[in-house]
Amino acid sequence: MLYQRSSQLFAEAEKVIPGGVNSPVRAFRAVGGTPIFVKSAKGAYLYDEDGNRLIDYINSWGPMILGHAYEPVVQAVIDKAKLGTSFGMPTALETEIAALAVKMVPNIDKIRFVNSGTEACMSAIRLARGFTKKDKIVKFAGCYHGHSDSFLIQAGSGAITFGSPNSPGVTAGTAKDTLLAKYNDLENVRALIEANKDEIAAIIVEPVAGNMGCIPPQKGFLEGLRTLCTENGILLIFDEVMTGFRLAAGGVQELVQVNADIVCFGKVIGGGLPVGAFAAREEIMNYLAPLGPVYQAGTLSGNPLAMAAGLAMLQALDRDRSIFTRLAEKTAYLAAGIARVLEANQVTFTINTIGSMISVHFDAEPVVDFQTAAKGDNETFKKFFHGLLQEGIYIAPSAYETWFITDALTYEDLDFTIEAIDRVSKTF
């Protein structure tokens with residue numbers, strides 16, 4: 001495939017946009033080469049500026065669960081735009097989508113809408129600190145909760161250490177209140193709690209990790225976090241920006257029957273438009289201004305276009321709960337096919353799946369946390385990525401990102417993908 005137009009556009013973008021992109025992973029730094037510039041998308045396919053068609057496995061990093069340009073969502077946005085695009089005042093639409101979200105998700109009484117997953121997680125942490133009157137939080141190495149300062153922290157040298165900033169601009173003062181834990185390791189979390197008695201406001205976790213590849217929680221991990229939080233007066237925050245309304249109508253809380261204290265949403269809840277949200281039981285949410293002392297605000301929060309898109313998406317998912325079974329079946333079919341051809345071509349790999357999320361890791365060891373994810377053969381992944389791109393298949397341009405399956409994918413698309421991986425893996 002030729003990408004002349006994309007290359008030209010990237011060169012032009014680099015002159016006026018840092019790195020030529022508005023989000024770093026788009027720059028292809030992890031895999032090399034030039035980013036693909038998209039012109040349009042429909043269903044399971046992207047169409048780039050050079051006229052190439054690509055089967056899409058990132059789906060805008062998750063929200064396109066029903067496919068690109070899903071007609072009810074598009075029409076809802078068009079209809080709402082004709083009435084005005086932003087008011088900075090309440091609308092009935094906000095209450096309608098809030099009521100539907102509360103109905104679909106277990107264990108929440110109230111929800112507040114914001115403009116991104118980053119904003120949702122940042123606000124949830126502030127709320128947890130205000131509610132508990134404690135300062136420290138625990139996050140897990142490899143889990144991404146947006147680019148707020150509190151979350152851009154990497155592990156120190158010991159198992160029980162304060163974090164250190166891994167981005168200039170994040171102060172040491174901020175970093176000292178973020179404790180790093182190892183995903184899927186309850187004893188590590190227990191040790192952190194013991195070393196910081198009565199100082200931890202919240203534990204925030206991706207209940208299914210999606211930013212070190214797809215890494216499901218091991219049996220008992222989320223249940224154990226729930227117990228530790230309850231025993232120690234710590235709020236448990238599920239970052240369901242990726243998993244909310246994707247792995248089940250009620251997200252991971254419904255899937256594994258573990259209740260968080262605060263839940264963060266994004267992606268699917270906006271139907272492809274910029275939306276985030278955080279939700280909890282009434283006692284906690286009433287700590288937010290204007291009812292309570294914890295301040296949070298946003299001029300464009302509850303934007304009518306975003307609310308219209310999100311409501312149309314949630315209504316479609318609420319009407320047809322069988323979609324989650326269909327997506328899981330397609331994911332399992334794809335995983336089995338990929339495993340078959342990689343084994344036949346003697347490629348070392350591990351595949352992780354849960355629901356409609358899947359990732360391929362080029363290492364034989366089970367991938368259960370950031371440390372094991374980092375052992376993957378990145379040189380093989382680069383060949384894999386570019387090989388699939390030439391075959392007309394777009395996966396995340398990073399070995400540390402999950403793929404997302406959309407209902408618009410057909411089994412013919414899945415078979416084409418498996419056959420393409422067979423051809424590409426013969427070249428390793």
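Calculation rules
Residues numbered from 1 in each chain as written. Predicted model: local features only at pLDDT ≥ 70, side-chain atom pairs only at ≥ 80, totals over all residues. Heavy atoms only, no water. Helix = DSSP H or I, 4+ residues; strand = E, 2+ residues; numbered from the N terminus. Buried < 20%, exposed > 50% of the residue type's maximum accessible area, 1.4 Å probe, protein only. Contact = heavy atoms within 4.5 Å. UniProt positions renumbered as here; feature names shortened; annotations may be inferred. Pairing = 2+ DSSP bridges. Salt bridge = Lys/Arg side-chain N within 4 Å of Asp/Glu carboxyl O.

Draft legend 1. Layout of the environment of isoleucine 323. Residue placement: isoleucine 323 occurs in helix α11 (residues 323–344). Under the relative-accessibility criterion, isoleucine 323 is labelled buried at 1%. Sequence separation between isoleucine 323 and leucine 247 is 76 residues; the distance between their C-alpha atoms is 9.8 Å. Among all residues touching isoleucine 323, those that are not within four sequence positions of it are Ile65, Leu66, Leu317 and Asp407.

Draft legend 2. Quick peek at the UniProt feature "modified residue: N6-(pyridoxal phosphate)lysine" (unreviewed entry) in the protein chain. Here the UniProt-annotated "modified residue: N6-(pyridoxal phosphate)lysine" (unreviewed entry) positions come out as Lys267. Residue classification places lysine 267 among the partly exposed positions, given a relative accessible area of 26%.

Draft legend 3. The pairing of strand β5 (residues 136–140), seen in detail. For β5, the tally of buried residues reaches five of five residues, placing the bulk of the element in the interior. Where burial is concerned, the two faces of β5 agree: the one with Lys136, Val138 and Phe140 and the one with Ile137 and Lys139 are both buried. Here β5 pairs with strand β9 (residues 200–205) via three bridges, running parallel. Looking across to β9, one finds that lysine 136 is bridged to isoleucine 200. As defined by bridge partners, β5 adjoins strand β8 (residues 178–181) across four bridges and the pair is classed as parallel. Paired with phenylalanine 140 across the bridge in β8 is alanine 181.

Draft legend 4. The pattern of salt bridges, seen in detail. Per the counting criterion, the structure on display carries 18 salt bridges. The shortest N-O distance in the salt bridge between aspartate 369 and lysine 182 comes to 3.8 Å. With aspartate 369 in the loop between β14 (357–361) and α12 (370–373) and lysine 182 in the loop between β8 and α6 (186–195), this pair connects stretches of sequence that are 187 residues apart. The class of aspartate 369 is buried, set by a relative accessible area of 5%. The exposure class of lysine 182 is partly exposed, given its relative accessible area of 31%. Aspartate 407 is the partner of arginine 326 in a salt bridge, and the nearest nitrogen-oxygen pair spans 2.9 Å. Of this pair, arginine 326 sits in helix α11 while aspartate 407 sits in the loop between β16 (403–404) and α14 (411–425); the two residues are 81 residues apart in sequence, bridging distant segments of the chain.

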